[in-house]
Amino acid sequence: MPDVAAPTTTELREIKCQSCGSTLVAQRSMLATICPYCASPSVIQRPPSQDRPTPEFTIGFEIDHTKATHLVKQWIGDAHFFTRSDFKRSAPDLIHGVYLPAYLYGAVADSSYSASIGENYTETETYTTTDANGKTVTRTRTVTKTEWRKLHGQHSCYVVDVVVTASKGVTNEALEAIEPFDLRALRRFTPALVSGWLAEEPSRGQNECFQMAHNETVAKVGNQLKQFMPGDSYTNLQFQSQLSREVIDLVLFPIWSFAVRYAEDKPPVQILVNGQTGRVGGQVPTSAWKVTFAVLTVLLLIGFIIVLFASQ
Ligand SMILES: [Zn+2]
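A quick note: this is a predicted structure, and the numbers were derived from the prediction, not measured.

### Quick look at the overall build of the protein chain
Each helix and strand counted, the protein chain has 6 helices and 11 strands in total. What you see for the protein chain is a C-alpha radius of gyration of 28 Å, clearly larger than the 20 Å of a compact globule of 312 residues, by over 25%. Over its C-alpha atoms, taken along the principal directions, the protein chain stretches across nearly 100 × 60 × 35 Å. The burial tally for the protein chain puts 40% of its 312 residues in the buried class. Contacts in the protein chain between residues far apart in sequence, at least 24 positions, make up 76% of those at least 6 positions apart.

Printed below as a string of structure tokens:
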């Protein structure tokens, strides 16, 4: 059997999108002339840069082109009532399988926190009321009251599997919409694994990605602390986290990127499909007319009810 040579760097080209700023690497034979993320035609080609960061891990595609298209059509069909009708009728046209660069982050979070913890207790109180015969009587009832006490403490935990985008073509919100990925399928990156696909280079700076990862981590710590609060209720939870033993790895995630053009005068809508799980995400354009119509209907109904009651 002949050896299959891995693609050499001379066969690779870079496409740089002037519109959204993403940089993609592809074999010469499959170069795109339109940006797979924003459908902009303003892409330029150039030889690949030499100092490309090497991804640590990747996940393979499980969902093929046909399945992804089917899922997107279904998703568009199921979009909520206020979606523009021309969007619901439109067919997703521009489709690319892309390996999206993202950072996988984990750290130990040591936090000091303070909160007010509420403990409920019941009390029997007496009150006066008038009974059925119009007589004033004294009765008792059980009421629940809350006693508040201050709580301070230290909390340590591991936060793992924080994923943040490293691509300018895909926002962190857009990536979150198609998460999670099953990270048990992570494999150590080799160029052969992504051969035949568009693969993007990180186009967001590492500082920006670090900041996003930190913010997500602190939000996760906050959620853990909320679970951890004793008592029946709490208020005023405040905490400061110190992150240490940070691990950050560049990972290529499989995604299908669709551009849906639904109106001449509007930019195409980006819809992403998780290439591993098939989860679809995107921002559907709402119809101003449908929203106005719904608001007017509700107002008319309220007006009608008021008139109905006033006339009685
Ligand atoms: Zn673009």
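### Overview of the pattern of salt bridges
Applying the stated rule across the entire model yields 7 salt bridges. Of the charged contacts in the structure, one is a salt bridge between Arg149 and Glu119, with a shortest N-O distance of 3.1 Å. Placement of Arg149 in strand 6 (residues 136-165) and of Glu119 in strand 5 (residues 94-130) is noted, with a sequence separation of 30 residues between them. Exposure remark for Arg149: the relative accessible area of 35% places this residue in the partly exposed category. Between Arg141 and Glu125 there is a salt bridge whose closest N-O contact spans 3.2 Å. Highlighted residues: Arg141 in strand 6 and Glu125 in strand 5, separated in sequence by 16 residues.

### Observations concerning the coordination of the zinc ion
Binding of the zinc ion to the protein goes through Cys17 (SG), Cys20 (SG), Cys35 (SG) and Cys38 (SG), at separations of 2.2 to 2.4 Å. Coordination at the zinc ion comes from 4 donor atoms whose angles at the metal span 104 to 115°, giving a geometry best classed as tetrahedral. Taken in chain order, the donor set of the zinc ion reads C-x2-C-x14-C-x2-C. Here Cys17 matches Cys20 in class, with each residue buried.

### Here we look at the pairing of strand 5
Relative to strand 9 (residues 233-260), strand 5 runs antiparallel, the two being bridged by 23 bridges. Considered in strand 9, the bridge of Tyr99 is made with Pro254. Sheet topology places strand 5 next to strand 8 (residues 198-201); 2 bridges connect them, and they run parallel. Counterpart to Val98 in the pairing with strand 8 is Leu198. Linking strand 5 to strand 6, which pair antiparallel, is a turn of 5 residues; within it Gly134 sits at a positive phi near 80°.

### Remarks on the pairing of strand 8
Neither face of strand 8 is exposed, since Leu198 and Glu200 on one face and Ala199 and Glu201 on the opposite face are all buried. Looking at chain direction, strand 2 (residues 23-27) and strand 8 are connected through 3 bridges and run antiparallel. Within strand 8, the residue paired with Val25 across the bridge is Ala199.

### Overview of the side chain of Gln276
Secondary-structure assignment places Gln276 in the loop between strand 10 (269-274) and strand 11 (280-282). Exposure remark for Gln276: the relative accessible area of 11% places this residue in the buried category. Reaching out from Gln276, the side chain makes a polar contact with the backbone nitrogen of Asp182 at a distance of 2.7 Å.

### A closer look at the environment of Arg188
In this structure, Arg188 sits in strand 7 (residues 187-188). With residues up to four places along the chain from it excluded, the contact list for Arg188 reads Glu56, Phe57 and Leu193. One polar contact links Arg188 to Glu56, side chain to side chain, over a distance of 3.1 Å.

### Here we look at a nonpolar patch on the surface
Together, Phe81, Phe82, Val291, Val295, Leu296, Val298, Leu299, Ile302 and Ile306 make up an exposed nonpolar region whose accessible area comes to about 830 Å². Mapping Ile306 onto the fold places it in helix 6 (residues 288-310).

### So, unusual backbone geometry
Note that the residue after Glu179, namely Pro180, is joined by a cis bond; omega there is 5°. Of note, Asn236 is a non-glycine position whose phi angle comes to about 60°, a positive value. Following the sequence through the fold, Asn236 ends up in strand 9. A positive phi angle is found at Arg245, which is not glycine, with a value near 45°. With respect to the helices and strands, Arg245 occurs in strand 9. Overall, Arg245 belongs to the exposed group, its relative accessible area being 61%.

### Some details on the nonpolar core
Residues Tyr37, Val170, Leu175, Phe181, Phe253 and Ile255 are the most contacted members of the largest nonpolar core, which totals 26 residues. The set of elements that each furnish at least two residues to this core consists of strand 1 (12-17), strand 2, strand 5, helix 3 (172-178) and strand 9. When sequence neighbours within four positions are dropped, the list of residues in contact with Ile255 reads Tyr37, Phe61, His96, Gly97, Val98, Leu100, Val170, Ile178, Phe181, Leu272, Val273 and Gly275. Judged by nonpolar contacts, the second largest core, of 24 residues, contains Ile63, Ala79, Ala199 and Val260.

### Digging into the packing of aromatic side chains
Here the structure, examined in full by the defined rule, presents 8 aromatic pairs. With 6.3 Å between their ring centres and 85° between their planes, Tyr105 and Phe210 make a pair best called edge-to-face. Of this pair, Tyr105 sits in strand 5 while Phe210 sits in helix 5 (residues 206-228); the two residues are 105 residues apart in sequence, bridging distant segments of the chain. Residue class for Tyr105 comes out buried when judged on its relative accessible area of 1%. Phe210 sits in the partly exposed class, given a relative accessible area of 24%. Pairwise contacts between aromatic rings join Phe61, Tyr99, Trp197 and Trp256 into one cluster. For the cation-ring pair, Arg141 lies above Tyr127, with the distance from its terminal atom to the ring centre recorded as 4.1 Å.

What counts as what
- Residues numbered from 1 in each chain as written.
- Predicted model: local features only at pLDDT ≥ 70, side-chain atom pairs only at ≥ 80, totals over all residues.
- Heavy atoms only, no water.
- Helix = DSSP H or I, 4+ residues; strand = E, 2+ residues; numbered from the N terminus.
- Rg over C-alpha atoms; globule rule 2.2 N^0.38 Å.
- Buried < 20%, exposed > 50% of the residue type's maximum accessible area, 1.4 Å probe, protein only.
- Contact = heavy atoms within 4.5 Å.
- Salt bridge = Lys/Arg side-chain N within 4 Å of Asp/Glu carboxyl O.
- Donors = N, O, S within 2.8 Å, 3.2 Å for Na, K, Ca; no water.
- Tetrahedral: all angles 85-135°; square planar, octahedral: opposite > 155°, others 65-115°.
- Pairing = 2+ DSSP bridges.
- Polar contact = N/O pair within 3.5 Å; in protein donor to acceptor, adjacent residues only side chain to side chain.
- Patch = residues over 30% accessible without salt bridge, like charges linked within 9 Å, V, L, I, M, F, W, Y side chains within 5 Å.
- Areas by Shrake-Rupley, 256 points an atom, 1.4 Å probe, with all protein chains shown as cover.
- Core = buried A, V, L, I, M, F, W, Y, C linked by side-chain atoms within 4.5 Å.
- Phe/Tyr/Trp six-rings, centres within 6.5 Å; stacked < 30°, edge-to-face > 60°.
- Lys NZ or Arg CZ within 6 Å of the ring centre and 35° of its normal.

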